[in-house]
Amino acid sequence: MMALLLRSRREPFHQRALGVLALLAALLALSLAWSASSGTFGLSPLTLISDQADALSVQVWWQLRLPRLLLGAAVGAMLAGSGAAMQGLFRNPLADPTLLGLASGAGLFVALWIVLFQGAGHGAGPVSLYGQFIAGFLGALSVCAVVFGLAQRQGGGSAAVMTLLLAGLAINTLAGAGGGILAFIASDEQLRQLSLWGMGTLTHSLWRTTLVALVLIPLALIGLLRSARELDLLQLGETTAHGAGLDAPRLKRRVVVATSLGVGLCVALTGVIGFLGLLVPHCLRLWLGPGHRLLLPASMLGGAILLVVADTLARTLAAPAEIPVGLLTSLLGGPYFLYLLMRRSRTC
Amino acid sequence: MLTLHGAALTTPPTLAPLDGSVRPGELLAIVGPNGAGKSTLLSLLSGFRACQAGAIRLDGRDLAQWPVYALASRRAMVAQQEPPGFDWRVEELIALGSDPDPALVTQLLDQMDLLDLSDRSILTLSGGERQRVLIARGVCQLLSRRSHAATDGGLLLLDEPTSALDIGQQQRLMRQLRHWAHQHAMAIVCVLHDLNLASLYADRVWLIDNGARAAHGTPAQVLTPERLTSVYGAELQILSNATGTAPLFALVP
């Protein structure tokens, strides 16, 4: 185990990648098993296999716990993976779907959908679910387009970083105000729906929602994984990268669409779960180096682990009540972001 | 290898139609005042920017017709430095854009005087050291992606490769460029600010002024004091021209 952790970046790439990813996959399996067996209606995999549990708890486990586990892993992988990809795209370790306003933009669009377009009585129907998802995707996509347009106009350099973060701040503020207005004009039923969804929680996962995530999120993840080599090249700067064989516009389109799709879907399903996309890739980059061929899949596994663990804590710490997991990750990520900023201002 | 047929840009930054060629094994220097269009011309030669009139052909095929990926095995570009984002190790950075033989990487590290730094993060390097790493990466791309059928070493485009180097490193780099040009029949085009370096090391010089080529030929033909004074608006004195070698210049204080 220690030998694995201490592997140097000079080892042959495939050997090292295999070791790292196998270790992370094992950790993910462990955290899933732990999460499965903890809390009310927890059943350890062993109990399940040996058929010792009573029928009711098995049924509850299958209907409620399993989809929640899988959704948590998928959303965690998506948020951390898109964080890593956006950081590569902006060539900046501070890019993150929450900080840049992607998540809150998606959130605003979902809230718009719930309050303005969703007919009464459709609360749980498929129209509502897919409508929310499409709204989330469009919200994330439009924010991504705005932010990326700004970044392009500014070129590289520290001014651009500042602009990006400020743009994210502005979008977050706008989305917050928009959300407030929507909450003000919403009916009681819509208000309840909004607040249930808005805090960032995996509580409402059912197979119906989880299946959508389990189909679409892997598509977005594959889109990102296929961009790994090109993201590496982009780090040379656009002119040099073009000289090294990179079709930058195609890469940007692919990453922007995949992250918007993934983040929009995550926000539509679980609300805003912040900072995962900043925290996970940053820690892994310290360990593994900046190469995206390893960083992207490792971030996806790491994000899945972190969200499954955080969700289990959110479920059990204040049992029988639940803390929204989004609050937990923000409690973890906010201070870390401040620490990053302080460290950067010292080195720059 | 590379031929220009009235290649031009008609919208700003404009570039007057250019004819000419770049041949395997030669070192071509592009010189000219700030804002003359040197970097723009280099990005045209690399295919990053498409020309709006005329054509540029590589191996007889229009640059615009080359797939970006295939082009990368024939020409490499080293643009002016951008601030590095992440902490690549020197060896990792050199391998970006190709799948190089470790022996080639070691050889390039040695040639660029970087062997001691191979394991360092580029964030900890000085500007000059980083510049040498980026140049080594470009050469690495050309040499390791070269097809077996190729009879020459491809086209290396460098934008101000000596801008961050001390005088000793400038000499070593220019000698090394000539060595690569001859050894691999590589065509090297570099934008240079230092006229003396162009004079000492380039086979041919293009003098760009105000979006047009003011002169081209050997350093001795192009770099005359009268022309340089009018193009740069600088008062110059010639230090040596008598021995038949290229002219060297100094500013008149």
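Residues numbered from 1 in each chain as written. Chains lettered and ligands numbered in written order. Predicted model: local features only at pLDDT ≥ 70, side-chain atom pairs only at ≥ 80, totals over all residues. Heavy atoms only, no water.

Caption draft 1: Inspection of the overall build of chain A at higher detail. Scanning chain A from N- to C-terminus turns up 15 helices and 0 strands. For chain A, with 348 residues in total, the buried portion stands at 54%. Here the contacts in chain A between residues at least 6 apart in sequence split such that 78% fall between residues at least 24 apart. Of the accessible surface of chain A, which amounts to about 15200 Å², a share of 71% is contributed by carbon and sulfur atoms. (Helix = DSSP H or I, 4+ residues; strand = E, 2+ residues; numbered from the N terminus. Buried < 20%, exposed > 50% of the residue type's maximum accessible area, 1.4 Å probe, protein only. Contact = heavy atoms within 4.5 Å. Areas by Shrake-Rupley, 256 points an atom, 1.4 Å probe, with all protein chains shown as cover.)

Caption draft 2: Layout of the overall build of chain B. Assigned secondary structure in chain B consists of 9 helices and 12 strands. Taking 253 residues into account, the globule formula puts the C-alpha radius of gyration at 18 Å, and chain B, at 18 Å, falls close to it. Once the C-alpha set of chain B is aligned to its principal axes, its extents read approximately 50 × 45 × 35 Å. Long-range pairs, those at least 24 residues apart, make up 67% of the contacts in chain B between residues at least 6 apart in sequence. (Rg over C-alpha atoms; globule rule 2.2 N^0.38 Å.)

Caption draft 3: Region of the structure containing unusual backbone geometry. Residue and element names in this part refer to chain B. Here Pro12 and Pro13 are connected by a cis peptide whose omega angle stands at -5°. Among the structural elements, Pro13 can be located in the loop between strand S1 (2–9) and strand S2 (15–22). Of note, the phi angle at Glu160 is positive, near 50°, even though the residue is not glycine. The topology assignment puts Glu160 in the loop between strand S7 (155–159) and helix H6 (167–184). A residue is classified by how much of its surface remains accessible, and Glu160, at 15% relative accessible area, is buried.

Caption draft 4: Quick peek at the packing of helix H4 (residues 102–111) of chain B against helix H5 (residues 127–145) of chain B. Residue and element names in this part refer to chain B. Here H4 crosses H5 at 145°, and the two axes come no closer than 10 Å. The handedness of the crossing between H4 and H5 is right-handed. Counting all contacts with H4, which are made through Leu104, Val105 and Leu108, the residues of H5 involved are Ala136, Val139, Cys140, Leu143 and Ser144. Here the contact of H4 with H5 is built from residues that sort into 7 nonpolar, 1 polar and no charged. (Axes fitted to C-alpha atoms, helices over the stretch in contact; angles between N-to-C directions. Left-handed = near helix turned anticlockwise from the far one by under 90°. Nonpolar A, V, L, I, M, F, W, Y, C, P; charged D, E, K, R; others polar.)

Caption draft 5: Quick look at helix H4 (residues 55–90) of chain A. All names here are of chain A. Along its 36 residues, H4 runs 51 Å from first to last C-alpha, staying within 8% of the 52 Å computed at 1.5 Å per residue. The largest bend along H4 reaches roughly 40° and is located at Trp61. In terms of burial, H4 is a largely internal element, 28 of the 36 residues being buried. Just downstream of H4 lies Arg91, where phi reads positive at about 50°. (Expected span 1.5 Å × (residues − 1). Bend = angle between axes of the 7 residues up to and from the residue.)

Caption draft 6: Representation of the interface of chain B and chain A. At the junction of the two partners, chain B supplies 29 residues and chain A supplies 26 residues. Both faces considered, chain B and chain A share a buried interface measuring about 2200 Å² in area, 61% of it formed by carbon and sulfur atoms. Linking chain B to chain A there are 1 salt bridge. For the salt bridge of Asp99 of chain B with Arg229 of chain A, the shortest nitrogen-to-oxygen distance reads 3.9 Å. Breaking the side of chain B that touches chain A down by element, the ones donating at least two residues are helix H2 (68–71), strand S6 (75–78), helix H3 (90–94) and H5 of chain B. Here the side of chain B that touches chain A is built from residues that sort into 14 nonpolar, 5 polar and 10 charged. (Buried area = accessible area lost by both parts, 1.4 Å probe. Salt bridge = Lys/Arg side-chain N within 4 Å of Asp/Glu carboxyl O.)

Caption draft 7: Geometry of the sheet that holds S2 of chain B. All names here are of chain B. Reading across the sheet, the 4 strands line up as S2-S1-S4-S5 and stay open at both edges, with antiparallel pairing between neighbours. The sheet is open, and its two edges are formed by S2 and strand S5 (61–62), each paired on a single side. Where strand S4 (residues 53–58) lies against S5, 2 bridges are found, and the strand directions are antiparallel. Along S5, the bridge assignment pairs Leu58 with Arg61. Relative to the sheet, helix H1 (residues 38–46) contacts S1, S2 and S4, its axis offset from that of S1 by approximately 125°. (Pairing = 2+ DSSP bridges.)

Caption draft 8: Region of interest: the UniProt feature "transmembrane region" (unreviewed entry) in chain A. Residues and elements named next belong to chain A. What UniProt calls "transmembrane region" (unreviewed entry) maps, in this numbering, to residues 66–86, 98–117, 129–151, 163–186, 206–225, 255–282, 294–313 and 325–342. Along residues 255–282, the helical share is 82% and the strand share 0%, with 19 Å between the first and last C-alpha atoms. Between the first and last C-alpha atoms of residues 325–342 the distance is 26 Å; the span itself is 100% helix and 0% strand. (UniProt positions renumbered as here; feature names shortened; annotations may be inferred.)

Caption draft 9: The arrangement of the confidence of the model for chain A in detail. Mean pLDDT over chain A works out to 83, with 89% of the residues at or above the 70 mark. Within chain A, helix H14 (residues 292–316) of chain A carries the highest mean pLDDT (94), whereas helix H1 (residues 2–5) of chain A carries the lowest (50). (pLDDT = per-residue confidence, 0-100.)

Caption draft 10: Geometry of the sheet that holds strand S9 (residues 204–209) of chain B. Residues and elements named next belong to chain B. Strand order in the open sheet formed by 6 strands is S6-S7-S8-S3-S9-S10, and the pairing between neighbours is mixed. Of all strands in the sheet, those bounded by a partner on one side alone are S6 and strand S10 (212–217). Neighbour-to-neighbour, the strand axes of this sheet turn through a mean angle of 15°, independent of strand direction. Taken strand by strand, H1 contacts strand S3 (27–31), S6, S7, strand S8 (187–191) and S9, and its axis lies near 155° from that of S7.

Caption draft 11: Molecular detail of the nonpolar core. If you look at the biggest cluster of nonpolar residues, it comprises 142 residues, and the most contacted ones within it are Phe90 and Ile217 of chain A together with Leu156, Leu177, Trp180 and Ile188 of chain B. If we skip the residues at most four places from it in the chain, Leu156 of chain B touches Ala76, Gly138, Val139, Leu142, Leu177, Met186, Ala187, Ile188 and Val189 of chain B. Met1, Ala36, Leu58 and Val189 of chain B belong to the second-largest nonpolar core, a separate cluster that totals 29 residues. (Core = buried A, V, L, I, M, F, W, Y, C linked by side-chain atoms within 4.5 Å.)

Caption draft 12: Structural view of H5 of chain B. Compared with an ideal rise of 1.5 Å per residue, which puts 19 residues at 27 Å, H5 of chain B spans 27 Å between its outermost C-alpha atoms and is within 8% of the ideal. In terms of burial, H5 of chain B is a largely internal element, 16 of the 19 residues being buried.

Caption draft 13: Looking closely at the pattern of salt bridges. Under the counting rule described, the total for this entry stands at 13 salt bridges over all chains. A salt bridge links Glu92 of chain B to Arg89 of chain B; the nearest nitrogen and oxygen atoms lie 3.9 Å apart.

Caption draft 14: Structural detail: the packing of H4 of chain A against H14 of chain A. Residue and element names in this part refer to chain A. One can describe the packing of H4 onto H14 by two numbers: an axis separation of 7 Å at closest approach and a directional angle of 140°. For the element pair H4 / H14, the angle class is oblique. Relative to H14, the crossing made by H4 is right-handed. Of the residues that constitute the contact of H4 with H14, the class distribution is 12 nonpolar, 7 polar and 4 charged. (Parallel < 35°, antiparallel > 145°, perpendicular 65-115°, else oblique.)

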